[in-house]
Amino acid sequence: MNRTMNVILLFLVTALYFTSYYIFAPILPLYIDFLGGDERVVGLLVGLLSAAAVIFKVVCGRLVRRKGSPFVLRLGLVIIAVVPALYIPKFGFPFLGVVRIINALGMAGFIMGSQSLLASFAQPHNRGLLFGIYSAVTGLGMMAGPALGLYLVDVVGFTNLFWITSGIGFMALVGSIFLESPTQSQTVETLEGTVESYSSWANRSLVTISGVMLSVSMVLGATSSFLTLHAIQVGISNPAAFFVIFAGMFTVGGSLSGYGSDRLGRGAVVIPGFFVLIFGLFTLSGMSGQLSLIVSAASSGLGFGVINTVLMAMVSDVSSKDEFPQAMAFFSNAFDVGFVIGSMGLGIVAAYSYSAVWLTLAGTSIIGLIVFYMFSKRKQPSADVQS
């Protein structure tokens, strides 16, 4: 296949994967409750996926360099196609913990494989566009998956839902069989110059970009954990609207910002995205009704989508295609650490005040904005990459 057809097929496979992934978002807590688990079990099993993925992403990033992106992508999808069926046997919560760890390996394999393969197809003039579409496809899965999962669990029950999810993963696996790697040399010219290898921690540009992402991903962890509780506290009857609107605006932000950053520059798009996100967080801190919930969801979703997409493209800007898997694993782990801090680390603040959580996140986002602004003013980022 030519490059365009490969990219289109990759996006279709990605859409199927993220739909299957986000089906579990509202279903797993319900399933654990159905099996008799309490809130502590829910928190442990939900968080175990992200914790295990931190390790597996590093492993899969190295495996991409040895075996290639398509191999790791397909390995991840094999696991994704099989693992939903492992939720069906009622062998107890320790067994479910093992299943979550296996699930994390599949997730890490797909994400590292798909993003590395996309980077290999991208060129400096269109990588923002391609990663923007990738983020938009992620957002579509974020919207479709939970709605589909909640609908199906009422219609067919947990067991059949797990089999259906497995089928979606299998469809993605079949599609991935036809993906091909580009034949060009792995040592290529990036926006930073011709590079061959580098240490992730020695690449100051990568460390800075990842640190900025960490400050922003805390928002996603906090909204996932505390938004519903805050909305109920102030008397909002339909807090689920926040997540639908957030996902929709995330999709819009991702689809537009990538192309815009190719044409206008990364900083020209990221900095306004920060202002939109911070506005949404301040709105959340004063949330008092449905209107403020809608405004905050739209603002924070749009800002988060813009920042996430452009920073992801910048990882490719500051690393060679050979080193991109390792660099993306580093960046993705920063995202996961931020999510965990936002969901678990801010629990003490949430016990005091939900509004204080959003103000704290507004403060960390402002720090992220300042760091990014200072970084964008640097004249010679190529010095950060060891050739």
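Every chain is numbered on its own, with residues counted from 1 as its sequence reads. At least 70 in pLDDT is required for a residue's local features to be given in this predicted model, at least 80 for side-chain atom pairs to be given and counted, and no such filter applies to totals for whole chains, interfaces and linings, which use all residues. Note that the side-chain values use all heavy atoms of the structure and ignore hydrogens as well as water.

## A closer look at the packing of helix 7 (residues 240-264) against helix 8 (residues 266-285)
Piece 1. Relative to each other, helix 7 and helix 8 sit at 160°, their axes nearing to 8 Å. Looking at the two axes, helix 7 sits roughly antiparallel to helix 8. As helix 7 packs across helix 8, the resulting crossing turns out to be right-handed. Where helix 7 abuts helix 8, its residues Phe242, Ser257, Gly258, Gly260, Ser261, Asp262 and Leu264 lie against Arg266, Ala268, Val269 and Leu284. Helix axes are fitted only over the stretch in contact, all axes being lines through C-alpha atoms; the angle between N-to-C directions runs from 0 to 180 degrees. Secondary structure counts use DSSP, requiring at least four H or I residues in a row for a helix and at least two E residues in a row for a strand, with both numbered from the N terminus. To sort the angles, those under 35 degrees are grouped as roughly parallel, those over 145 as roughly antiparallel, those from 65 to 115 as roughly perpendicular, and the leftovers as oblique. Each helix crossing is assigned a hand: it is left-handed if the near helix lies turned anticlockwise from the far helix by less than a right angle, otherwise right-handed if that turn is clockwise. For this analysis, residues touch if any pair of their heavy atoms sits within 4.5 Å.

## What about the packing of aromatic side chains?
Piece 1. In summary, the pairing rule links any two rings of Phe, Tyr or Trp, Trp by its six-membered ring, whose centres are within 6.5 Å, and it sorts them by plane angle into stacked for under 30 degrees, edge-to-face for over 60 and tilted for everything else. All told, the structure shown has 22 aromatic pairs when counted by the stated rule.
Piece 2. Pairing phenylalanine 158 with phenylalanine 162 gives two aromatic rings, centres 6.5 Å apart and planes at 25°, and the pair type is stacked. Residue phenylalanine 158 and its partner phenylalanine 162 are located together in helix 5 (residues 127-176), separated by four residues, close to a single helical turn.
Piece 3. Under the scheme applied here, a residue whose accessible area is under 20% of the maximum for its type counts as buried, over 50% as exposed, and between as partly exposed, the area being computed with a 1.4 Å probe on protein chains only. Residue classification places phenylalanine 158 among the buried residues on the basis of a relative accessible area of 16%.
Piece 4. Among the aromatic residues, those joined into a cluster by ring pairs are Tyr17, Phe18, Tyr21, Tyr22, Phe110 and Tyr134.

## Re the pattern of salt bridges
Piece 1. We count a salt bridge whenever a side-chain nitrogen from Lys or Arg sits within 4 Å of a carboxyl oxygen from Asp or Glu. Inspection of the entire model under this criterion finds three salt bridges.
Piece 2. Among the ionic pairs, lysine 57 bridges to aspartate 336, the shortest N-O distance being 2.8 Å. Taken as a pair, lysine 57 in helix 2 (residues 39-67) and aspartate 336 in helix 10 (residues 324-345) lie far apart in primary sequence, 279 residues in all. Neither residue differs from the other here; lysine 57 and aspartate 336 are each classed as buried.
Piece 3. As a salt-bridge pair, aspartate 262 and arginine 266 come within 3.0 Å of each other at their nearest N and O atoms. Summarising the burial analysis for this pair, aspartate 262 and arginine 266 share the class buried.

Treat this as a map of the structure, not an account of what it does.
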